[in-house]
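Per-entry structural report
This is what each chain is made of:
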Amino acid sequence: MTTAIERLEKVQADIRAAETEFGRDDGSVNLIAVSKTFEADAIRPVLSAGQRIFGENRVQEAMGKWPGLRDEFDGIELHLIGPLQSNKAKEAVATFDVIHTVDRPKIARALKSEMDKQGRNLPCFVQVNTGEEPQKAGVALKDVDAFVAECRDTFGLNIVGLMCIPPVEEAPGEHFALLEKIAKRNGLSRLSMGMSSDYPVAVGFGATHVRVGSAIFGARDYLA
């Protein structure tokens, strides 16, 4: 049975190989180890192996386990990669270092208000619904350019890139290519795309952040 550290090393090697294959600079892709649903004891070995960038889906869950881990390990960078409700903006700004899921004006306004109050200026990604899936969060394709401009000009958010989650039944490369195109025309250099099943493909389409969970931590028990 492989350990989380061995799986982490394989993912890191895969990313390096993809960087080489697609002519990317060494180290240009940031690995976000997605630790949602896993307890602190499962995360510590990955931290001990040197991983410092982690992703969580839920604000409350992150608040429960990361303060203690930050006390134990220096240099942790915590990314919110799940949907955010405006009533959790205060806790999100206090807990996370990067927000990947800005997708509507109410969230943008709430985040900026809390950042001003807390004296923080977190980098933010706009989540794009590239598959136009009604059940999925994210800005509609036709609205992305206007929303990015609104976040920057009206709300004053530090928008650094775009994020997407392609439909599971479709080839992810088409969605990654689309996200790269939208980012380029909006002058955005960071792309949060690619998960355990497709992160090497995402590297080929310019991903700067890949979000990998089960390939590192193993299968999740959502019933636990």
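Because the structure is predicted, anything quoted here is derived from the model rather than measured. (Residues numbered from 1 in each chain as written. Predicted model: local features only at pLDDT ≥ 70, side-chain atom pairs only at ≥ 80, totals over all residues. Heavy atoms only, no water.)

Concerning the packing of aromatic side chains
- Applying the stated criterion across every chain yields a total of three aromatic pairs.
- A centroid spacing of 5.0 Å and a plane angle of 50° characterise the contact between Phe54 and Trp66, whose relative ring orientation is tilted. Linking Phe54 in strand β2 (residues 53-56) with Trp66 in helix α3 (residues 59-72), this pair joins segments that are twelve residues apart in sequence. Here Phe54 matches Trp66 in class, with each residue buried. (Phe/Tyr/Trp six-rings, centres within 6.5 Å; stacked < 30°, edge-to-face > 60°. Helix = DSSP H or I, 4+ residues; strand = E, 2+ residues; numbered from the N terminus. Buried < 20%, exposed > 50% of the residue type's maximum accessible area, 1.4 Å probe, protein only.)

Examining the pattern of salt bridges
- In total, this model carries 13 salt bridges according to the counting rule given.
- Glu72 is paired through a salt bridge with Arg44; the nearest N and O atoms lie 2.9 Å apart. Taken together, the residues span a long stretch of sequence, with Glu72 in helix α3 and Arg44 in helix α2 (residues 40-48) at a distance of 28 residues.
- Classification of Glu72 by relative accessible area gives partly exposed; the value is 43%.
- The partner of Lys112 in a salt bridge is Asp116, and the shortest N-O contact between them spans 3.0 Å. (Salt bridge = Lys/Arg side-chain N within 4 Å of Asp/Glu carboxyl O.)

Here we look at the environment of Lys181
- Along the chain, Lys181 turns up in helix α7 (residues 172-185).
- By relative accessible area, which is 55% here, Lys181 ends up exposed.
- Residues Lys181 and Phe205, spaced 24 residues apart in sequence, show a C-alpha to C-alpha distance of 9.8 Å.

Re α2
- Taken together, the buried positions of α2 are Ala40, Ile43, Val46 and Leu47. Within α2, the buried residues cover an arc of 115° as seen down the axis, which keeps them to one side. Opposite the buried face of α2, at more than 90 degrees from it, the exposed residues are Asp41 and Ser48.
- Summarising the contacts, the buried residues of α2 are in contact with α1 (4-21), β2, α3 and α9 (214-217).
- Residue Gly50 follows α2 closely and has a positive phi angle near 110°. (Arc of directions from axis to C-beta. Contact = heavy atoms within 4.5 Å.)

Keep in mind these numbers describe shape, not what the thing actually does.
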